[in-house]
Amino acid sequence: MITAALHNLGCKVNSYETDVMQQMLVEAGYEIRDFNDRADVYIINTCTVTNMADRKSRQMLHKAKSKNKDSIVVAVGCYAQAAGEKLLEDSSVDIIIGNNRKKDIVRILEEYRREHKTEDTVIDINHTTEYEALMLEQTSAHTRAYIKIQDGCNQFCSYCIIPFARGRVRSREAEDIEAEITSLVQKGYKEIVITGIHISSYGVDKENINLLSLLQRIHKIQGLKRIRLGSLEPRIITEEFAKEIASLPKICPHFHLSMQSGCNETLKRMNRHYTSEEYYEKCEILRKYYEKPAITTDVIVGFPKETLEEFQATEKFVEKVDFFETHVFKYSKRQGTNAAKMEGQIEENEKTRRSSILLELNKHHRQAYLESFLGKTVEILVEETIEEDGKQYQIGHTREYMRAIVESQIPLENQIVKAMVKEVYQGEMLKCEIILKSEIID
């Protein structure tokens, strides 16, 4: 039996695709090994979002070959797509598979084992309208599954290489999405997370469907308890959109609105297509239709030409919006993007200083948001059981994606329980008490 080991780098879309590739290998008779073990085939699903991601992708490819010099090492995904020519010169890499070709991985491996060569494994991703058909049947988690609904991006933010690695927007057929979710729900999954490279663009390449109508369709699936949305483009939040999704109780009140900066001048250089005023308006619309929505975001600090005044504008804006969580990233120059060619690159120590300020702010906002639930009732989807000091605890996430813990001797994995929030535990999760043992919502 041929053994294979897979390693994933990067985003949730990559994770989904890695799960599907592993599933295809198992179906073809491969035995899956841990990546740290010796295997006949190593598959690394690479990332290229930053120069550091490129470096990590190369390191993992070299690590794989060092484990077994006779193994077949496969570079898959975004770095493989963007740096295919460079990888051809890398003696550690045997096969390069770009995006939109992961579905052919078994065929490509068999071809290579027979003839020691491959063809058509990297296409011109910028000139295809084909959505790569992948179908997930099982994941390593047993409560929550990520569902990929689209690929590609048309936004061309000045710091981002992804449109060149993933191509233009390509939407998956709604029937296939519905069939995949239905199958996973029948296997016991309670929550699905809608993901993609730019999910707000879902349907722009099709007729009579968009993200809202897709959600309305998914909401009807029997047995599905929760629908969680991945990262959203702020401009998708309109009065109509918010009102409609608020009428769908399965949709979780957890919204990640990608922001990147709270300063209009910086946003303009980033080629983001909104102002801070428009962004704030979108947050207020969500708060109009949801009592305590968990609004999270991303911020890049130290973008080229970001003055101290511009950074302070972002700091004040983050304070004003009062996010549940702010994910802070130091700008990383990415070759091939417009931002990499800009003048006014910021020193690394100054990026670190600015990052520290926002991380401290995030700590306070996160704590305040968690504390605002003291004495309130929450619904927890239990994911695991742990033992501590002779007691048994159940840990999971609320609809707002807050981690929560309850004491219970009864295993409750993959069940949704109602509980009262008693305290913020260890500064990072809610310690709760189940209201009634009968309050299991299944």
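This write-up is about the structure you can find in this document. Keep in mind it's a predicted model, so treat the numbers as computed, not measured.

The next thing to look at is the packing of helix α8 (residues 211-218) against helix α9 (residues 239-246). Two elements in contact, α8 and α9, have axes whose closest approach is 11 Å; the angle formed by their N-to-C orientations is 5°. Classified by the interaxial angle, the pair formed by α8 and α9 is roughly parallel. For the pair α8 and α9, the contacting residues are L211, L212, L215 and Q216 in the first and F241, E244 and I245 in the second. Among the residues forming the contact of α8 with α9, the class breakdown is 5 nonpolar, 1 polar and 1 charged.

For the rest of this paragraph, the subject is the sheet that holds strand β9 (residues 226-229). Reading across from one edge, β7-β6-β8-β9 is the order of the 4 strands in this open sheet, with mixed pairing throughout. A strand with exactly one partner marks an edge of an open sheet, and here the two such strands are β7 (170-171) and β9. When strand β6 (residues 144-151) meets β7, the two strands line up antiparallel, connected through 2 bridges. Residue D151 lies in a different strand from β7, and its bridge partner there is R170.

What follows concerns α9. Burial in α9 covers these residues: F241, A242 and I245. Considered in projection along α9, the buried side chains sweep an arc of 95° and stay on one side of the axis. Every exposed residue of α9 that faces more than 90 degrees away from the buried side is listed here: E240 and K243. Buried residues in α9 make contact with α8, β10 (254-256) and α11 (276-289).

Strand order in the open sheet formed by 5 strands is β2-β1-β3-β4-β5, with parallel pairing between adjacent strands. Every other strand in the sheet has two partners, leaving β2 (31-33) and β5 (95-97) as the edge strands with one partner each. Taking the axes of each pair of neighbouring strands and ignoring which way they run, one obtains an average angle of 25° across the sheet. Examined bridge by bridge, strand β4 (residues 72-77) and β5 share 3 bridges and lie parallel to one another. By the bridge assignment for β5, V76 is matched with I97. Relative to strand β1 (residues 3-8), helix α1 (residues 12-27) is tilted by about 175°, and along the sheet it contacts β1, β2, β3 (41-46) and β4.

Reading guide: rules and limits
- Residues numbered from 1 in each chain as written.
- Predicted model: local features only at pLDDT ≥ 70, side-chain atom pairs only at ≥ 80, totals over all residues.
- Heavy atoms only, no water.
- Axes fitted to C-alpha atoms, helices over the stretch in contact; angles between N-to-C directions.
- Helix = DSSP H or I, 4+ residues; strand = E, 2+ residues; numbered from the N terminus.
- Parallel < 35°, antiparallel > 145°, perpendicular 65-115°, else oblique.
- Contact = heavy atoms within 4.5 Å.
- Nonpolar A, V, L, I, M, F, W, Y, C, P; charged D, E, K, R; others polar.
- Pairing = 2+ DSSP bridges.
- Buried < 20%, exposed > 50% of the residue type's maximum accessible area, 1.4 Å probe, protein only.
- Arc of directions from axis to C-beta.

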